[in-house]
Amino acid sequence: MGFLQWAIDPWGHKVPIHIAWFLIWAALIAGFGFLVVHATYLRFFARKKEWAADTASPQIIAAIPRRVPRHSPVARIFHWVMAASMFTLLFTAFLPKLGVQFPWVTYHWIAGALLATSVVFHVIHASFWLDFWSIWPDTIDLQDAVRRFRRFLGESAPAPRRFAKYPLENKLFHLAIIMSGLLVIVTGVIMLSRVRTIFFARNPYLFSDMSWGVMYVFHGLAGVGLIALVITHVYMGLRPEKRAITKSMIFGWMSRDFYLKEHDPSRWVVTPVPSTQKEEG
Amino acid sequence: MAVIRDVMPAFELLQPNSINQAQKLLQQHGQDAWILAGGLDSFDWLKDRIRKPKFVVDLSGIEELSGVRSTTDGLEIGALTTLTEVARDPLVKENYELLSQAAELVASPQIRNQGTIGGNVSQDTRCWYYRSGWPCYRAGGNLCYADTPDGRNREHAILHASRCVAVNPSDTAPALIALDAKFVIRTAKGERVVSAEDYFIGPDIDITRLHILRPGDLLTAIRIPTTWARAQFYFEKIRDRNVWDFPLMNVASAMTVSGDTIQRIRIAVNGAAARPLRLTTVEQAVVGQPINETTGEIAGELAVKGAIPLQFNAYKIPLMRNLVKRAVSGVQTTPHPTAAPA
C-alpha cells in the first residue's frame, strides 16, 4: 500500500499522479484521534493552569476596558471568507473521492480563487495594518513552552507567563496553516492552467509529466493535511475554555475578565500607557 | 492506437444462469469483476491488456436478460437482447421505429448479431488516448491528452467538457432518451429504475465512467413506455465510413404533431459530449411552433449554444446545428441517406 499513485506516461516514464486516496481516511482518523486524546486528557488528567505573577502595573490593568478589542471587522471578514472557501475546497475535493458525486470542479476552482485572493489580501493587510509579529512565536513563547513541558513531566519549573495576543498553540496552528495553505494555493493556482477557467488559456504542457505529478502530490498532501488541521481548529473553537476566543472572532472583542485571566497586558497592550507610567518607564 | 496483442490476461470466468446469481457474483467481486455481455467492447480492453480483471462475469447464459416483451405500459427489452433482434422485432418496428433505426445503424451486421442493447448503451468511450492505456483523467490520471493544443480531437466533445473531452459513442442511447425509456438496474439494495437520460453521466460528475453503474450493479432491462409509441420519429447518424463506424454525431427525435404544429417533442444528440444530451431548451422552444425551416433553424442555433470547439472538431458545431434542424423540421421528409435502413 503506497502513499502515492503512479502511472506510466506516454514516454514510458514512471510518474506520480496523485496521493493514494486512503490518506483522506488517515487524515480524518488523525484529526478525530487528536480530538479524542486531547479531550480525554483535559477531562481526566490535566492539572489546573498556573501562571507566573503579573508584571503589568495596576494603572495599566485599571485602564483595560470591559470589552477588549481583539479582531478588527476586516480581519474577521477575512477569517470567515477564508473559512467558507476552505470548507468548500475540502468538501468539493474529497467528497467525490468518498463516493458523493456532483459537478465539483467549478465550485472547487472558484473557492480556490477566492481563498488565494483573500490570502493575498490578508498578507498585505497583516503586514501594513495589523501587528504583523503578534502571530509569530517569540522567545517568551518558547521559554514558556519549555516550562509547561517540564511541569507536565513533573519536573520543577517556574510557572509560565500569560499569553500575548495569541497563545503559542494558535501561533503554531497559524504556521501550519501558512505552510499547508500556501502549498495548496501555489500548486492549485498552477493547476488552474489545466482546466477551463476565466483566468488562463489552458496549457497542460507548462511542466513535464513528472513535475505535474509532483505538483498533484503536493496539492493532495497539503489538502489531506488541511483536513486534520481544520478538524483540530473547529474542535478547539468549540471547546468551552476557548469559547471566548471564538466569540471574539465573531464579535471582535473578548471580556476584560478573560483577557486578564489568560493574557499579559504588558505583552498584549490594549490601552495606551498612561502618561505617568511613560514618564516612570 | 494500441497494438492488439490477441492474448488476453488470465482471469476466472464466471457463468451465472440467473440475474440473482450474476448480481451476487458482481457484488462479491466488486471492482475485480468485469461484466461480459456481447463482448465487443470487452474483448478490445482485454486483448489490449489495458484492463486486467480477476473475474469475468459472462451473462450469456442468463435467459431472462434476453428478448423483447410486451408490457401493460409498453415494451421491456432485456439488456442482453442483440441489436439485430431489437432492430427486427415487430413490436419495436411497429411502435418505436426510432429505436429500430438506431439499432440498425450500429456498426456492421456481424457486430449487431453479437452486440447487445445493454452493451451498446453501457460501452466505454472510443477516445484513443484513453483506450491506449495512457494515464489520462478518465483512467485515473491528471491530464486529458486529447484536450491539448496538438491533441487528436476530431471526434471529441464540443459541449459539457470538464477536464476530459471524450464522447459517448452509443447510437441507441439518444433514441432511448427520445422515447423516454427507463433503465432497470439491479443493485445490492434491490431494483432501481432510472430514466434514460439519468443513466448517463458526464466527467463533471464522475470522470471515470460514462454511466451510473457502480461495481456490483447490473443493467437488466430497458422499458419503453407507450407515451411516444408511433410518434413521428427522426434518427440520423453521421460517421466517417457509412458501412461501419462509430458516430461522429447522431440525433434522435420523437414528436407528436397537430396539423403543422409541434405538440410534444423529445430530442437527443450523441457524440457532442461525454453523455448523450437531451436538448430540453430546444424542446421548449419548438413546442407550439410550426414544422418548418425557421423553427428548425431556431432549434439548431439553440442546440449549439455554449459549444466550445477543440483544435480539430469545430466542424461538429455546424454538424450539430444541421442535425437538430433536420430532426425538428425534417421529420416528414426523407432522412439523410445514412439513416436509411439497409
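Residue indices follow the written sequence of each chain, beginning from 1 at its first position. Both sets of labels track the order of writing: A upward for chains, 1 upward for ligands. Where local features are concerned, this predicted model is filtered to residues with pLDDT of at least 70; where side-chain atom pairs are given and counted, the filter is 80 or more; whole-chain, interface and lining totals use all residues.

## Thoughts on the overall build of chain B
(1) Moving on: Elements are defined by DSSP. Helices are runs of H or I of four residues or more, strands are runs of E of two residues or more, and each kind is numbered from the N terminus. Looking only at helices and strands, chain B features 13 helices and 12 strands.
(2) Moving on: Viewed in the frame of its principal axes, chain B has a C-alpha envelope of about 60 × 55 × 35 Å.
(3) Moving on: Burial is judged by counting the other C-beta atoms within 10 Å of a residue's own C-beta: 20 or more makes it buried, 12 or fewer makes it exposed, and any count in between marks it as partly exposed, with every C-beta position built from the backbone. Out of the 342 residues belonging to chain B, those deemed buried represent 50%.
(4) Moving on: If you take every contact in chain B between residues at least 6 apart in sequence, the share linking residues at least 24 apart comes to 66%. Here contacts are defined at the residue level, using C-beta atoms placed from the backbone and a cut-off of 7 Å between them.

## Quick notes on the overall build of chain A
(1) Moving on: Scanning chain A from terminus to terminus reveals 10 helices and four strands.
(2) Moving on: Overall, chain A shows an N-to-C arrangement of helices and strands of β-β-α-α-β-α-α-α-α-α-α-β-α-α.
(3) Moving on: Counting only C-alpha atoms and orienting by the principal axes, one finds that chain A spans roughly 75 × 40 × 30 Å.
(4) Moving on: When the 281 residues of chain A are sorted by exposure, 21% land in the buried category.
(5) Moving on: Considering only residue pairs separated by 6 or more positions, chain A has 75% of its internal contacts joining residues 24 or more positions apart.

## Some words on helix α4 (residues 104-128) of chain A
All names here are of chain A.
(1) Moving on: With 25 residues, α4 should reach 36 Å at 1.5 Å per residue; the first-to-last C-alpha distance of 36 Å fits that figure.
(2) Moving on: Residues of α4 that are buried include every one of W104, W109, A111, G112, L115 and S118, and no others.
(3) Moving on: Those residues of α4 that are buried lie in contact with α3 (73-94) and α6 (168-191). Given a helix with a known number of residues, its expected span is that number minus one, times 1.5 Å.

## Comments concerning the interface of chain A and chain B
Often the size quoted for an interface is simply the accessible area lost on bringing the parts together.
(1) Moving on: In this assembly, 15 residues from chain A lie in contact with 11 residues from chain B.
(2) Moving on: When residues of the side of chain A that touches chain B are traced back to their parent elements, those giving at least two are β1 (4-8), β2 (14-19) and α7 (209-238) of chain A.

## Description of the sheet that holds strand β7 (residues 190-195) of chain B
Residues and elements named next belong to chain B.
(1) Moving on: For two strands to pair, DSSP has to find at least two bridges joining them. Spatial strand order, β4-β5-β8-β6-β7: five strands in an open sheet with antiparallel pairing. Edge positions in the sheet fall to β4 (68-71) and β7, since each of these pairs with one other strand and no more. Within this sheet the neighbouring strands show an average axis-to-axis angle of 25°, counted without direction.
(2) Moving on: Bridge count between β4 and strand β5 (residues 74-78): four bridges; the pairing is antiparallel. The residue of β5 that forms the bridge with S70 is L75.
(3) Moving on: Helix axes use the C-alpha atoms of the stretch in contact, all axes being lines fitted to C-alpha atoms, and the angles between their N-to-C directions lie in the range 0 to 180 degrees. The strands touched by helix α1 (residues 19-29) within the sheet are β6 (182-187) and β8 (218-224), with β8 carrying the most contacts at an inclination of about 135°.

## Regarding helix α12 (residues 293-303) of chain B
Every α-helix carries 3.6 residues per turn, so stepping three or four residues along brings you back to the same face.
Residue and element names in this part refer to chain B.
(1) Moving on: Burial in α12 covers these residues: T295, G296, A299, G300 and A303. Buried residues of α12, viewed axially, fall in a sector of 135°; they line one side. Turned more than 90 degrees away from the buried face of α12, the exposed residues are E293 and T294.
(2) Moving on: The elements touched by buried residues of α12 are β11 (261-270), α11 (280-286) and α13 (316-329). This arc is built from the directions going out from the helix axis to the C-beta atoms.

## Some remarks on the sheet that holds strand β10 (residues 249-258) of chain B
Residue and element names in this part refer to chain B.
(1) Moving on: One open sheet accounts for four strands, arranged β9-β10-β11-β12; its pairing is antiparallel. Where the open sheet ends on each side, the last strands, each with one partner, are β9 (232-238) and β12 (277-278).
(2) Moving on: Relative to β11, β10 runs antiparallel, the two being bridged by nine bridges. Bridge pairing links A254 to R266 in β11.
(3) Moving on: Helix α5 (residues 97-104) contacts β9 and β10 of the sheet and is inclined by roughly 15° relative to β9.
(4) Moving on: Where α13 meets the sheet, it contacts β9, β10 and β11, and its direction lies at approximately 25° from that of β10.

## Topic: the environment of L83 of chain B
Residues and elements named next belong to chain B.
(1) Moving on: Mapped onto the fold, L83 is located in helix α3 (residues 83-88).
(2) Moving on: By the C-beta count within 10 Å, which is 27 here, L83 ends up buried.
(3) Moving on: Excluding residues that lie within four positions of it along the chain, L83 makes contacts with A103, V106, R112, G115, I117 and N120.

## Here we look at the environment of K97 of chain A
Residues and elements named next belong to chain A.
(1) Moving on: Mapped onto the secondary structure, K97 falls in the loop between α3 and α4.
(2) Moving on: Taking the number of C-beta atoms within 10 Å as the measure of exposure, K97 has 13 and is therefore partly exposed.
(3) Moving on: The sequence separation of K97 and I24 amounts to 73 residues, and the corresponding C-alpha distance is 8.7 Å.
(4) Moving on: Those residues in contact with K97, other than ones at most four positions away along the chain, are W21 and I24.

## Some thoughts on the pairing of β5 of chain B
(1) Moving on: Judged by how many residues are buried, β5 of chain B sits mostly within the fold: four of five residues are covered.
(2) Moving on: Counting the residues in the hairpin turn of β4 of chain B and β5 of chain B gives two residues.

All quantities given are derived from atomic positions and should not be read as evidence of function.
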